[in-house]
Amino acid sequence: MTLATLSEVLQPALRGGYAVPGLVCLGWEDARAYALAAEAERAPVILQAGPSCRAHTPLPVLGAMFCHLADSVSVPVVLHLDHGYTVEDCHDAIRAGFSSVMFDGSRKPLAENIAETAAIVELAHNAGVSCEGEIGFVGYSGGEASAGTDPAEAARFARETGVDAMAISVGNVHLQQDHEGGLDEPRIRAIEAVTDVPLVIHGGSGVPLAERTALATCSAICKFNIGTELRMAFGAALRAAVNRDPARFDRVQILKETHDPVMEAARAAIRAMGASGKA
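What this report covers is the structure whose coordinates are included nearby. (Residues numbered from 1 in each chain as written. Predicted model: local features only at pLDDT ≥ 70, side-chain atom pairs only at ≥ 80, totals over all residues. Heavy atoms only, no water.)

**Some details on the overall build of the protein chain**
Okay, step 1: Assigned secondary structure in the protein chain consists of 12 helices and nine strands.
Okay, step 2: Seen along its three principal axes, the alpha-carbon backbone of the protein chain occupies a region of about 60 × 40 × 35 Å.
Okay, step 3: Scored against the burial criterion, the 279 residues of the protein chain give a buried share of 53%.
Okay, step 4: Put simply, 71% of the contacts in the protein chain that link residues at least 6 apart link residues at least 24 apart.
Okay, step 5: Only carbon and sulfur atoms are counted for the fraction: they give 55% of the accessible area of the protein chain, which is about 11200 Å².
Okay, step 6: Taking the 22 positively charged and 34 negatively charged side chains of the protein chain as two groups, their mean positions are separated by 5 Å. (Helix = DSSP H or I, 4+ residues; strand = E, 2+ residues; numbered from the N terminus. Buried < 20%, exposed > 50% of the residue type's maximum accessible area, 1.4 Å probe, protein only. Contact = heavy atoms within 4.5 Å. Areas by Shrake-Rupley, 256 points an atom, 1.4 Å probe, with all protein chains shown as cover. Lys, Arg positive; Asp, Glu negative; His and termini not counted. Charge placed at Lys NZ, Arg CZ, Asp CG, Glu CD.)

So this is what it looks like as structure tokens:
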């Protein structure tokens, strides 16, 4: 078993000048491709179960599946709950075998976010699990607007919650389908100047590859969440497989053809963060 906590993979990344990919899973096919991509790159990896994944597959099933994948490779694998919104979400993930939870209180007033995140940090640490929190709301492409992270609030949040990683809002948005966003690097520098907690970028698919690489190697950003670009790779491969033979109906045979393209896309994401060879 190569199960690791979030802290166990991010602290070396912070010291070593690279970032660890938080790869957003939707099911067996992509999660397996991500684990095997990490093995091929000799890199640590974070398998993430977000709200849409959990709505499709129960947490106990996801926990068992992720644990199986961690046991099948020789690189560190973090089982991470992405965007837990309640104590129950986080508690259920810990019971299901997850080694890391993210509590998202970013829509709440600062004091409430701090208090609730601190309580979940205590719950997680008591169980030997890491906890990520979010300060400053990260919005959605074509949806809710972001609220940028205030550096002074970030310093207070990190200090009073004891989080192992801190997600920040610095121009990043969820569900962006191109790489034309770009981040507010002065804001990033201001935040990393007032805390030594590893920083996390949600919506990493929208960050240009060159900027991902530069920030992974020369900033306190130690985790980029990557979902949309990998889902796009899966969707393109699935459409190609279906269209290749319209008479074919065996889902296992069709889904097999998504593996290589998704694995290659995950390997490219890992390499862009400088994580290859770090396991």
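**Thoughts on the side chain of Gln-48**
Okay, step 1: Mapped onto the secondary structure, Gln-48 falls in strand E3 (residues 45-49).
Okay, step 2: Only 2.8 Å separates the side chain of Gln-48 from the side chain of Lys-223, close enough to count as a polar contact.
Okay, step 3: Non-local contacts of Gln-48, meaning those with residues more than four positions away in its chain, are made with Gly-22, Leu-23, Val-24, Cys-25, Phe-66, His-80, Asp-82, Lys-223 and Asn-225. (Polar contact = N/O pair within 3.5 Å; in protein donor to acceptor, adjacent residues only side chain to side chain.)

**Focus on unusual backbone geometry**
Okay, step 1: We note that Arg-42 has phi near 55°; this positive angle belongs to a residue other than glycine.
Okay, step 2: By the secondary structure assignment, Arg-42 is in the loop between helix H2 (28-41) and E3.
Okay, step 3: The backbone phi angle of His-83 is positive, close to 55°, even though this residue is not glycine.
Okay, step 4: Tracing the backbone shows His-83 in strand E4 (residues 77-84).

**Some thoughts on helix H4 (residues 59-72)**
Okay, step 1: Between its terminal C-alpha atoms H4 stretches 20 Å, which fits the 20 Å expected from 14 residues at 1.5 Å a residue.
Okay, step 2: Among the residues of H4, Leu-59, Leu-62, Gly-63, Met-65, Phe-66, Cys-67, Leu-69 and Ala-70 are the ones counted as buried. (Expected span 1.5 Å × (residues − 1).)

**Regarding the environment of Ala-40**
Okay, step 1: By the secondary structure assignment, Ala-40 is in helix H2.
Okay, step 2: Separated by 223 residues in the primary sequence, Ala-40 and Met-263 have C-alpha atoms spaced 9.5 Å apart.

**A short note on the nonpolar core**
Okay, step 1: Residues Phe-66, Phe-98, Val-101, Met-166 and Phe-224 are the most contacted members of the largest nonpolar core, which totals 81 residues.
Okay, step 2: Beyond its immediate stretch of four places on either side in the chain, Val-101 contacts His-80, Leu-81, Cys-90, Ala-93, Ile-94, Ile-120, Ala-124, Val-129, Ser-130, Cys-131 and Glu-132. (Core = buried A, V, L, I, M, F, W, Y, C linked by side-chain atoms within 4.5 Å.)

**Quick word on the pattern of salt bridges**
Okay, step 1: This structure, assessed with the given rule, holds 12 salt bridges.
Okay, step 2: Here Glu-160 ties to Arg-156 by a salt bridge, and the two come within 3.1 Å at their closest N and O atoms. On the criterion of helical spacing, the pair formed by Glu-160 and Arg-156 is a turn pair, its members being four residues apart in helix H7 (residues 151-161).
Okay, step 3: On the basis of relative accessibility, which here comes to 31%, the residue Arg-156 falls in the partly exposed class. (Salt bridge = Lys/Arg side-chain N within 4 Å of Asp/Glu carboxyl O.)

**Some points on the state of the cysteines**
Okay, step 1: What the rule picks out here adds up to zero disulfides.
Okay, step 2: Distance from the sulfur of Cys-67, which forms no disulfide, to the nearest cysteine sulfur (Cys-25) is 13 Å.
Okay, step 3: Free of any disulfide, Cys-131 has its nearest cysteine sulfur in Cys-90, 6.3 Å distant. (Disulfide = S-S within 2.5 Å.)

**Examining the pairing of strand E9 (residues 221-226)**
Okay, step 1: Counted residue by residue, E9 has six buried out of six residues, so it is predominantly covered.
Okay, step 2: Bridge analysis of strand E2 (residues 20-25) against E9 gives four bridges, and the strand direction is parallel. Pairing of Gly-22 across the sheet is with Asn-225, part of E9.
Okay, step 3: In this fold, the crossover linking strand E8 (residues 199-201) to E9 by way of helix H9 (residues 209-218) has right-handed handedness. (Pairing = 2+ DSSP bridges. Right-handed = clockwise from strand over helix to strand, strands pointing away.)

**Describing the side chain of Glu-132**
Okay, step 1: Within the fold, Glu-132 resides in strand E6 (residues 130-135).
Okay, step 2: The buried category is assigned to Glu-132, whose relative accessible area is 0%.
Okay, step 3: A distance of 3.3 Å separates the side chain of Glu-132 from the side chain of His-80, its partner in a polar contact.
Okay, step 4: A distance of 2.8 Å separates the side chain of Glu-132 from the side chain of His-202, its partner in a polar contact.
Okay, step 5: If sequence neighbours within four positions are ignored, Glu-132 has contacts with Leu-6, His-80, Val-101, Met-102, Phe-103, Val-163, Ala-165, Ala-167, Val-200, His-202 and Lys-223.

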